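Inside the fold
If you want the building blocks of each chain, they are given just below.
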Amino acid sequence: MIDERAVEIWNDELEELFLRTGHRFRRVEPRRRMRDYIRGLLGPVGRKNGWQLAEYAGHRTPDRLQRLLNGARWNADELRDDLQHYVAERLGEPDGILILDDTGFLKKGTTSAGVQRQYSGTAGRTENCQIGVFAAYATTRGRALVDRELYLPKSWIDDRDRCRAAHIPDERAFATKPDLAKAMVLRAIASPLPITWVTADAAYGQEWRLRRMLEETGLGYVLAVPKSQQVPHVGRIDHLFSQAPDEAWEKRSCGDGAKGPRVYHWAALQITSIEDFDGEMPTHQRWALARRSISKPEEIAYYLGYAPLGTTVEHLVRVAGMRWAIEEAFQAAKNECGLDQYEVRRYTGWMRHITLAMLAHAFLAVMAADAAAKGAAETVPVSRPSPWQRFGGSWQLSTHPSPFTNTSPAQAR
C-alpha cells in the first residue's frame, strides 16, 4: 500500500530542491527540462538514457533533454555550488569528512571526452573508459557526492584539435588525479560544507603535495598509502610496523558494513612532531597507522594521519573507515540515479549529466536521512559514550630500540 503522506513529503522536498536551483536556468524551457531530467533519474526507468528518460517525461523524442545537456545555456559549476549548499544544510555536521576517489565509466570509441585505454579501478583492469575524480561528503546523517572533475589524459591535452571537437575548454591544462582532488578540496573549504577531516585511498594519500596542502589549511586527514611509503626519520612504513610488538595491535571497528561492524587489528603510533603551533603550544600531530586483517594477517593496509592534539586512535580509525562511504555513494548514484548511464560525448554534456545525477543522489540521501531521523525520534534513545572520551592508549615514537613505546593518556598529551 502506498503511503500517501510519504509521497507528499517526497514531492514537497523535490519541489523545494527545484526552487532552490531553478535560478541557474534563466529561461523557462531549460528549467522545465531540468525538472524532467531529475524526475527521470529518480523514477522507475530501466536504463536512464535519453530515449527512456524522454519517454518517462512524456516527450516524443529525446531532443529536448539532449539540448539541456549539450546546447542550453547554464553553468554546471553553479549548480554544483547549489548542491553543496543543499548538502551542507541538510547533512552537514561540524565533524564532516571529505572523501576523495575516482571511478571509471566504460565507453566505446575514441571521441568521448577523455576516453582512452586506461586502468579503471571500477573494472579492476585496463579498459577503454573515462575516469571521473569525485569528492563525497559524509557525516553520521548521510553521505553524498559533492564535486566532480573529468580526468583528461595527457594524450588528450596535447591534441588541441581533438579537445576542441569534444568541447573541452582551451584553458583546461593537464592535471593529475591528485591535482584535480586538490582543487576540489579547496572548493569544498570555500563552500558552506563543514569539514574537519579528509580521507582517500593510496592513489591520493601517497601524494605529498596533497598532504602538505591539507596541513596548511588545518584539515585533519587519514590517508591510505602504499607499503613503500617513506615515514620521515624512520624509513618504509611497512618496515616500521613489522617491528610492532603483538600488544601494539588492538582489535577495533572502523565502522559498520553490509555484514555488521568492520573489525580489524589496528596499530598506531605518533611520529615526528610538526611545526604547527598556536603561540608556543603545538596544535597537531602526525600519525602512522596500520590495519591488519584478522583472518588473513598477511593483508595489511597503511595510513598516514594528521590530527589535532588529543585525537584518539579510535577516532582516527573511524575516519579511515569512512573512505568506504564514497564507494557506497558511487554504487547508489549509478544504480539509482543513472550516474554512468549517459549518452554524451562532449565535455560539457558529461559535466552536466554527472552534476544532475549527483543532485538526484543528494536528494535521495537527504530523504533517507530525514526518514532515519524520524524513526530515531519515535524510539527511546540509547545513551552511548562519545568516542572522543575513550582513550585506549597510544603509541609514541621514541628513541628506544623499538619505536613502539606505550604511553599513558597524560604522556600523550
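For clarity, every value in this text was computed on a predicted model and none was experimentally measured.

Thresholds applied
Residues numbered from 1 in each chain as written. Predicted model: local features only at pLDDT ≥ 70, side-chain atom pairs only at ≥ 80, totals over all residues. Heavy atoms only, no water. Salt bridge = Lys/Arg side-chain N within 4 Å of Asp/Glu carboxyl O. Buried < 20%, exposed > 50% of the residue type's maximum accessible area, 1.4 Å probe, protein only. Patch = residues over 30% accessible without salt bridge, like charges linked within 9 Å, V, L, I, M, F, W, Y side chains within 5 Å. Areas by Shrake-Rupley, 256 points an atom, 1.4 Å probe, with all protein chains shown as cover. Lys, Arg positive; Asp, Glu negative; His and termini not counted. Charge placed at Lys NZ, Arg CZ, Asp CG, Glu CD. Helix = DSSP H or I, 4+ residues; strand = E, 2+ residues; numbered from the N terminus. Pairing = 2+ DSSP bridges.

**Description of the pattern of salt bridges**
Applying the stated criterion to the full structure yields 29 salt bridges. Between arginine 80 and aspartate 81 there is a salt bridge whose closest N-O contact spans 3.1 Å. For aspartate 81, a relative accessible area of 29% puts it in the partly exposed group. Connected through salt bridges with shared partners, the residues Asp77, Arg80, Asp81, Asp147, Arg148, Glu149 and Arg187 form a single ionic network.

**A closer look at a positive patch on the surface**
A contiguous patch of positive charge, built from Arg27, Arg60, Arg64 and Arg67, is present on the exposed surface. Tracing the chain through its elements places arginine 27 in the loop between helix H1 (4–21) and helix H2 (28–42).

**Some words on the pairing of strand S2 (residues 116–120)**
Both S2 and strand S3 (residues 125–138) contribute to a ladder of 5 bridges, which runs antiparallel. Each bridged residue has a counterpart across the sheet, and for arginine 117 the counterpart in S3 is asparagine 128. Hairpin connection of S2 to S3: 4 residues between the antiparallel strands, including glycine 124 at a positive phi of 75 degrees.

**Overview of the pairing of strand S13 (residues 284–292)**
Among the 9 residues that make up S13, 8 are buried, leaving the element largely enclosed by the rest of the structure. Pairing between strand S10 (residues 260–270) and S13: 6 bridges, direction antiparallel. Bridging across to S13, alanine 268 finds its partner in leucine 289. As defined by bridge partners, S13 adjoins strand S14 (residues 300–308) across 9 bridges and the pair is classed as antiparallel. Bridge pairing links leucine 289 to tyrosine 303 in S14.

**A word on unusual backbone geometry**
We note that histidine 167 has phi near 60 degrees; this positive angle belongs to a residue other than glycine. Relative to the helices and strands, histidine 167 resides in the loop between helix H7 (160–165) and helix H8 (177–190). Classification of histidine 167 by relative accessible area gives partly exposed; the value is 36%. Here histidine 233, not a glycine, exhibits a phi torsion of approximately 70 degrees, which is positive. Structurally, the position occupied by histidine 233 is in the loop between strand S7 (230–231) and strand S8 (235–236).

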